Amino acid sequence: MKPIKLAIIGVGGYGDYCLGLLERFVDPESYQLVAAIDPFYEKVPRYAQLTAQGVPMYRTPEDFFAVDRADLVLIASPIHLHKQQCLLALKHGAHVLCEKPLAPILQDALDIREAVAASGRKLGVGFQMSFCDPIQNLKRDIQSGLLGAPKSLRTYVSWQRYDSYYNSPWRGHIRDAQGNWVLDSILTNATAHYLHNTCFVLGDRFDTAAMPEHLTVELYNGKGIETFDTAFVSGKFASGGDFFLSVTHSGDRDVDPILQYTFENAVVTASGNDDSAEIIATFADGSTKNYGAALGEYHVAQKLRTMIAVAADPTLDVPCTPDTVLPHLTMCNAIFDQADVHPLPADRMEHVSEPEPGLFMRGLADDALTCFQTGKLPSELGFDWAKQPTVIKLDGYTTFSGAKCCCKEDTHA
């Protein structure tokens, strides 16, 4: 196969991580890196390496497209730039792999979807679990009926985030300093993969995700950020199956993701955040099926291998497209538009100094675990710190208004 021409926009943070994935897990004969694009490319971690390799560097995508072309553009830039950079790459005839989220608001995602259709090119969105074989094989077994009808899909994550995590121009913010929508939260960032995956595995095709009928949510803020760092989300699908997500950054201990997907014929479980996190279905007769681990870096790199293959052969299918991510984005936008956010109780918040400064709620990790185990919201369990949930209306919701967000204080310095 002739190597495709690959350009990367944003080679600092996540783009640097992707460069590492390319080096370790992608056939070097399958691509030629023709551009590293970053307005501050002299400061990126691999500047010396890219220079030594002779990779051309540009400050803007416009500078690159003025002198060269790419078969595939990887977009790993700040969220508010995704739409314009997707449209630019498609206009110049490139296929696109855009890191999640595709866009902060539904209107932008729909504009990108329209541009993809008009371009004749393909665009993948970097929800890596959708690309990897373990999840794809699980989805096939769900579609075939092997596991039976879905009953309950539950996820629990307690990932501690310290003060330094929010020392950022966009993390925890509704807008960036220039007024662009960001809508960063635990649901749109760190645990977005798990909310999306809940919908993805129940999609009726290789590249679809199921849209819930409605949601009931409780949102909490322990960090003093503009958005929320703790979320409990309960929802129901038209299939009759329900789901429950219990996730926090303010828990008093770190617990890697735990998944428990219950079907009529089997219970699917996974625990961890690396190659040890094997997805295992246990059937009623005691037999098991091991799908493998979906969270190791080799599987993360599958989105790169897939989109490089698509750029070489556009007849290949993309498992995660703008249409695929609409259920996740719709839920998140509707939550921002409709849900109340409550502070976690100040008398239970504890400052820590090791391994670095941070603020966490005493007992929250265990409380959130109990919510996961029972499939009940904190208010349903009667926790004394819990507030009343918000019912989120999804039927007919197609446009993010931002009206509720505009009432919140801007904490940009």
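Higher on the page you've got the structure.
No experiment lies behind these values; they were computed from the predicted model shown.

Draft legend 1. Molecular detail of the state of the cysteines. Applying the stated criterion to the full structure yields zero disulfides. Residue C86 stays outside any disulfide, its sulfur separated by 3.9 Å from that of C98, the closest cysteine. By relative accessible area, C86 is classed as buried at 0%. Of the residues examined, C98 reaches a relative accessible area of 0% and is grouped as buried.

Draft legend 2. Main features of the pattern of salt bridges. Using the criterion set out here, one finds 16 salt bridges in the structure. Its salt-bridge partner being R46, residue D16 comes within 2.6 Å of it at the nearest N-O pair. Of the two residues, D16 sits in helix α1 (residues 14-25) while R46 sits in the loop between β2 (31-37) and α2 (47-52), which places them 30 residues apart along the sequence. Note that E297 is salt-bridged to R24, the shortest N-O span being 2.6 Å. Of this pair, E297 sits in helix α8 (residues 297-300) while R24 is found in helix α1, placing the two residues 273 residues apart along the sequence.

Draft legend 3. Structural detail: the pairing of strand β10 (residues 242-248). Within β10, six of the seven residues are buried, which leaves it mostly tucked inside the rest of the structure. Pairing between strand β7 (residues 150-158) and β10: seven bridges, direction parallel. The residue bridging S158 from the neighbouring strand is T248, located in β10. When strand β9 (residues 230-236) meets β10, the two strands line up antiparallel, connected through seven bridges. Note on β10: the bridge partner recorded for V233 is L245. Hairpin geometry of β9 and β10 is characterised by an intervening segment of five residues between the two adjacent antiparallel strands and by a positive phi of about 105° at G240.

Rules and cut-offs
- Along each chain, the written sequence defines residue order, and numbers are assigned to residues from 1.
- A pLDDT threshold of at least 70 governs which residues receive local features in this predicted model, and a stricter bar of 80 or more applies before side-chain atom pairs are shown or counted, although totals over entire chains, interfaces and linings include all residues.
- To get the side-chain values, all heavy atoms of the structure are used, and hydrogens and water are removed first.
- Any two cysteine sulfur atoms within 2.5 Å of one another count as a disulfide.
- Throughout this description, buried means an accessible area under 20% of the type-specific maximum (1.4 Å probe, protein chains only), exposed means over 50%, and partly exposed covers the range between.
- We define a salt bridge as a contact between a side-chain nitrogen of Lys or Arg and a carboxyl oxygen of Asp or Glu at a distance within 4 Å.
- Only DSSP runs of H or I covering at least 4 residues are called helices, and only runs of E covering at least 2 are called strands; the numbering of each starts at the N terminus.
- For two strands to be treated as a pair, DSSP must find at least two bridges joining them.

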